[in-house]
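One letter stands for each residue in the lines below.
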Amino acid sequence: MGWFGGKKAANGASNGAARAEAAAPQSPPQISREDKAKVDAAGGVPDMTALENLGEWSMLRNLELRLIGKSEPYTLVSTVLVAVNPLKETAKPDFKSFVDASWDPTRPHPNQLAELAYQRLQGGRAPDQSLVVSGESGAGKTETSKIVVRYLTQRGTASGAGDTQLAKRISAVSPVLESFGNAATMRNHNSSRFGRFVKLLFAPSGKKVVGGDDLLLAGGALETYLLEKSRVVRQGSGERNFHAFHMTLDERPSRQLGDRKLLLDPSKHAHRSMPPYGQQMRAKAGLEHVPEYKACDGALEAIGFDSATKAAAWDLLGGIVSLADVVIKVKTDQASQEDVADVPLDGACARAAKLLGWDVSALSQILCERTVKMRSEEVTVKRTPGEAAGARDAACRWLYGALFEKLVVQCNDALDGGLAAKSTRFVGILDIFGYETLEENGLETLLINYANESLQQLFCDAIFAAELQLYEDEGILTEEDAKALAPPDSTATLQFLAGKGPPPGILRLLDAQCATGGTTTGKKTGQDERDSRFLGEVARVHKGNNSLANTKPKDRRYMFHVQHYAGVAGYTVVDDSAKEGHEGWVVTNLDQVPEGLAKLALTSTVALVKGLEAVGQRAANESGNRRGSMGKPKTVASRFAASMSELTKVLEATDCGFCRCIKPTPKMVPNEFDGPYVAEQLRALGLVAATEVLRVGLPHRVEYASLLNTLPAEAKRVLAGEPNDIVVSCTLSAFDVPASHFRLGKTRV
């Protein structure tokens, strides 16, 4: 069971969740006069379960008053932390004030969630702990996760007996991952373009404390999910590439790259993968928290990269930029008299080969040719210009993905404390993309929303279980309650998205198309007709499925819509207006590595690049170049679905806490609170849905002590010594409140 309701606030009760009715705008419940007066008078209450009628309006008002009026970004709903990004520096509480402290509903802060997890491990009886940090881009997930990691790292070494060098290495992991995994987008200047699950491992020191065992930091482990590799060669309008690329071009000392004339001056040359707008964003407001070259270079050293390996990593980034700049020319093949690709051996191709330690002719050949295996022989086929452009971009993505995976491996080596897993316990921090809908949603967005659908089910199960537990603890649980408070079930939607069937989920329908041969509908668009077939199969196989939302007839040849727990999202599959370099869903899902690229990496004179061959071999085994079970290719979607399944199993086996991060305004400026914008996020994060259970069950909860304190002095004197439940029952009867409208628990009505 999760943490929700695990510690009871003064007037709090655990709240459940129900599926949001997101197909149409919802009318928020009106706040009561009493609650409005309470919220306004207090300037916002720290734990919203103290509100007698918690709903969307009261949550919005409370969060706004706390953020704008008090500069307090954190608020509780029982033990669920709501973190509103202040978009400015706020006061940092004293670390020691949280150590060994009991749960205090008046002090909402990530440190308190971290301390609760640590204390649960100390007791020895609770399972491993996890904290799920979610929210949209710009909501502050990364910063909140860093606060938790920093607190737990300090907590595990506070006694002086912990491994301080290990703590330093853990601190170095974040700037490395941010530099290579984050980018500036239109919604957030330091947006994580991947998901991560960090485990901090603890082991008993041998010393007993009040809560149980004194625990020392013993190591860590890192898993990452769905790096947005498409950004390497293509970004949205007004967005940047990954931070590390900008460090290479804009911040790395010129003597290391510029003097060797291997990269063109970014101020004078618009690299294809680095739009001019992106080059200028350093001067714009909002980038002050983006990691910088010196910090990242130092962090690389802290996780174990020596000077030569660090230099090779930066050179590799320069090689990717140069490779993306390679211009695909056209020539006529003498044998077939058809147009084929031609890559000159000078210019960008030569610069890329030099930086990557490759033979330039071999690189050109991989881009221009591919090998087709026949029954008894291999035939070399020359690529069309469009195919060569696709191979060039795929090579860039593969190189960056392999480098990122190498960094993750290095981070895990740095986090290894040398203890066997069975002798340690962990607190896991999951920092993962939130539910999102963009102007145009593709496969990556669908996978992100699939992950959120799965995690939302975990959230619902945890808080509904806690709500039922409260009813049971108060002695008022009935069979009817158990039925009425049954948690919403996302199984149908999850099966629609990724189920084995019958009928098979839409991701499996996509995989089925990936297992077939493909052609294109036209040379101008390069649109793979398998995308159109996939779209048709979605409509045919899932006709009448409630999870397949309505799509206007004129749009059905381009897209489909899904009814998620947070709302309806449309996904564009076929785009006839796609520009060069745009790839459809089938190609994106296959994520194929250009044939021979991994072997070419093995020939590199650069040790780091040469080592990427092992990563490439794994990629080849898991991509369309090799076949999985039943002869089907292992795709991006199938691998991601499998990783989400494993992650969910891990989380279900732990005590889960939740932090819901909120972005107060799309302008990303401090001291502004956009109510409608925040309301959308409250729904998407399941916080509004979490109040629905109160309306299904008993929406008002008041502790006996609080209610009895409102009685006149004479009534208190007369009723002194009587049982609380009898006094409250008589009081309610005196005001003609029907007995069917309330229940008397052990501590509250």
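What counts, and at which threshold
Residues numbered from 1 in each chain as written. Predicted model: local features only at pLDDT ≥ 70, side-chain atom pairs only at ≥ 80, totals over all residues. Heavy atoms only, no water. Salt bridge = Lys/Arg side-chain N within 4 Å of Asp/Glu carboxyl O. Helix = DSSP H or I, 4+ residues; strand = E, 2+ residues; numbered from the N terminus. Buried < 20%, exposed > 50% of the residue type's maximum accessible area, 1.4 Å probe, protein only. Core = buried A, V, L, I, M, F, W, Y, C linked by side-chain atoms within 4.5 Å. Contact = heavy atoms within 4.5 Å. pLDDT = per-residue confidence, 0-100.

## Thoughts on the pattern of salt bridges
And then number 1: A full pass over the atoms with the stated rule returns 25 salt bridges.
And then number 2: Ionic pairing is found between R272 and D393, a salt bridge with its closest N-O pair at 2.9 Å. Here D393 lies in helix 12 (residues 385-415) and R272 lies in the loop between helix 6 (243-251) and helix 7 (276-280), a separation of 121 residues in the sequence.
And then number 3: Note on R272: relative accessible area 32%, which makes it partly exposed.
And then number 4: Looking at D393, the relative accessible area reads 2%, which means it is buried.
And then number 5: What emerges from the salt-bridge pattern is a single network uniting R193, E228, R231 and E239.

## With respect to the environment of G318
And then number 1: Mapped onto the elements of the fold, G318 is located in helix 9 (residues 307-324).
And then number 2: Taking the relative accessible area as the measure of exposure, G318 reaches 0% and is therefore buried.
And then number 3: In this structure, the C-alpha to C-alpha distance between G318 and T248, residues 70 residues apart in sequence, is 6.8 Å.

## With respect to the nonpolar core
And then number 1: By size, the foremost hydrophobic cluster in this structure holds 104 residues, and its most contacted members are L152, F180 and Y400.
And then number 2: Per element, the largest residue contribution to this core is 16 residues, and it comes from helix 12.
And then number 3: Among residues more than four places away in sequence, those in contact with F180 are F242, A244, C296, L300, W314, L317, Y400, L403, F404 and L407.
And then number 4: In terms of nonpolar packing, the next biggest core, distinct from the first, is built from 79 residues, L63, V573, A637 and I662 among them.

## Notes on the confidence of the model for the protein chain
And then number 1: Taken over all residues, the pLDDT of the protein chain has a mean of 81, while the share at 70 or more is 81%.
And then number 2: When the elements of the protein chain are averaged for pLDDT, helix 7 gives the smallest value, 51, and strand 2 (residues 80-84) the largest, 95.
And then number 3: Every residue in residues 521-525 scores below 50 in pLDDT, and together they form four contacts with partners more than four places removed in sequence or on other chains.
And then number 4: Note that residues 622-631 has pLDDT below 50 and, in this model, 22 contacts with residues that lie over four places away or in other chains.

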